[in-house]
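As a plain string of letters, each chain reads:
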Amino acid sequence: MRAIKRAIQVLWLPLVFAGLIWHFAWYAVHGPRVGSLAREAKASEIAAARITLAEAEAERDSIERKVAGLRGDRIDRDQLDERARALLNMVGKDELVVPYGQNQRLF
C-alpha cells in the first residue's frame, strides 16, 4: 500500500502536466479557431475570396473601359452609337437583330 501511495505522490504532478500538454497539443491541431485544420479551411476560404475579387476587378475594369470611351474629352463614336441604340432600342436599316434569353448578359 505504501508503494502505491509513493507512486501516486511521485507521479501526480507529471501526469497533470502531461494532461495539460496533451490538451494544448490537441487544440493546436483540432482547435476551431487556431488549429492547423482551421487554418487550412481559412486558407481555402481566402483563395476562393481572391478568385471572387479577381472576377470583380475584371468586371470593374471592363466597365471602366466602357465609361472611359464615353467621356466628354475623348468620345469613342462606336461606343456612343452602341449605347444610344441600346438605350433607345433602335437599330439601323441594314442591321440584323439577334434575340437572346433574359438570363444571358449582352456584354
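Residues numbered from 1 in each chain as written. Predicted model: local features only at pLDDT ≥ 70, side-chain atom pairs only at ≥ 80, totals over all residues. Heavy atoms only, no water.

### Quick word on the overall build of the chain
Argument step 1. The helix and strand inventory of the chain stands at 3 helices and 0 strands.
Argument step 2. Secondary structure elements of the chain occur, N-terminal to C-terminal, as α-α-α.
Argument step 3. Compactness check: the chain gives a C-alpha radius of gyration of 34 Å against a globular reference of 13 Å for 107 residues, more than 25% above the reference.
Argument step 4. Summarising its shape, the C-alpha atoms of the chain cover approximately 110 × 35 × 15 Å along the three principal directions.
Argument step 5. Surface accessibility of the chain: about 10300 Å² in total, with carbon and sulfur atoms responsible for 62%.
Argument step 6. The averaged location of the 14 negative side-chain charges in the chain is 19 Å from the averaged location of its 17 positive side-chain charges. (Helix = DSSP H or I, 4+ residues; strand = E, 2+ residues; numbered from the N terminus. Rg over C-alpha atoms; globule rule 2.2 N^0.38 Å. Areas by Shrake-Rupley, 256 points an atom, 1.4 Å probe, with all protein chains shown as cover. Lys, Arg positive; Asp, Glu negative; His and termini not counted. Charge placed at Lys NZ, Arg CZ, Asp CG, Glu CD.)

### Describing the UniProt feature "transmembrane region" (unreviewed entry) in the chain
Argument step 1. When the UniProt feature table is mapped to this numbering, "transmembrane region" (unreviewed entry) covers residues 7–29.
Argument step 2. Between the end C-alpha atoms of residues 7–29 there is a gap of 32 Å, over a span that is 100% helix and 0% strand. (UniProt positions renumbered as here; feature names shortened; annotations may be inferred.)

### Here's the deal with the domain arrangement of the chain
Interface size is commonly expressed as the accessible surface area that is lost when the partners come together.
Argument step 1. We note that the domain assignment places domain 1 (1–34) and domain 2 (36–90) within the chain.
Argument step 2. Placing a centre on the C-alpha atoms of domain 1 and another on those of domain 2 gives a separation of 57 Å.
Argument step 3. With 7 residues of domain 1 at the contact, the number on the domain 2 side is 4 residues.
Argument step 4. On the domain 1 side of the interface with domain 2, the three residues burying the most area are Val29, His30 and Val34, jointly 67% of the side's total.
Argument step 5. Taken together, the connections running from domain 1 to domain 2 amount to 0 salt bridges. (Domains from an automatic or database assignment. Contact = heavy atoms within 4.5 Å. Buried area = accessible area lost by both parts, 1.4 Å probe. Salt bridge = Lys/Arg side-chain N within 4 Å of Asp/Glu carboxyl O.)

### Focus: the pattern of salt bridges
Argument step 1. Counted by the stated rule, this structure contains 5 salt bridges.
Argument step 2. Here Asp61 and Arg60 are joined by a salt bridge, their closest N and O atoms 3.5 Å apart.
Argument step 3. Relative accessible area serves as the criterion here: at 30%, Asp61 is assigned to the partly exposed category.
Argument step 4. By relative accessible area, which is 43% here, Arg60 ends up partly exposed.
Argument step 5. Here the salt bridges share partners, and the residues they tie into one network are Arg60, Asp61 and Glu64. (Buried < 20%, exposed > 50% of the residue type's maximum accessible area, 1.4 Å probe, protein only.)

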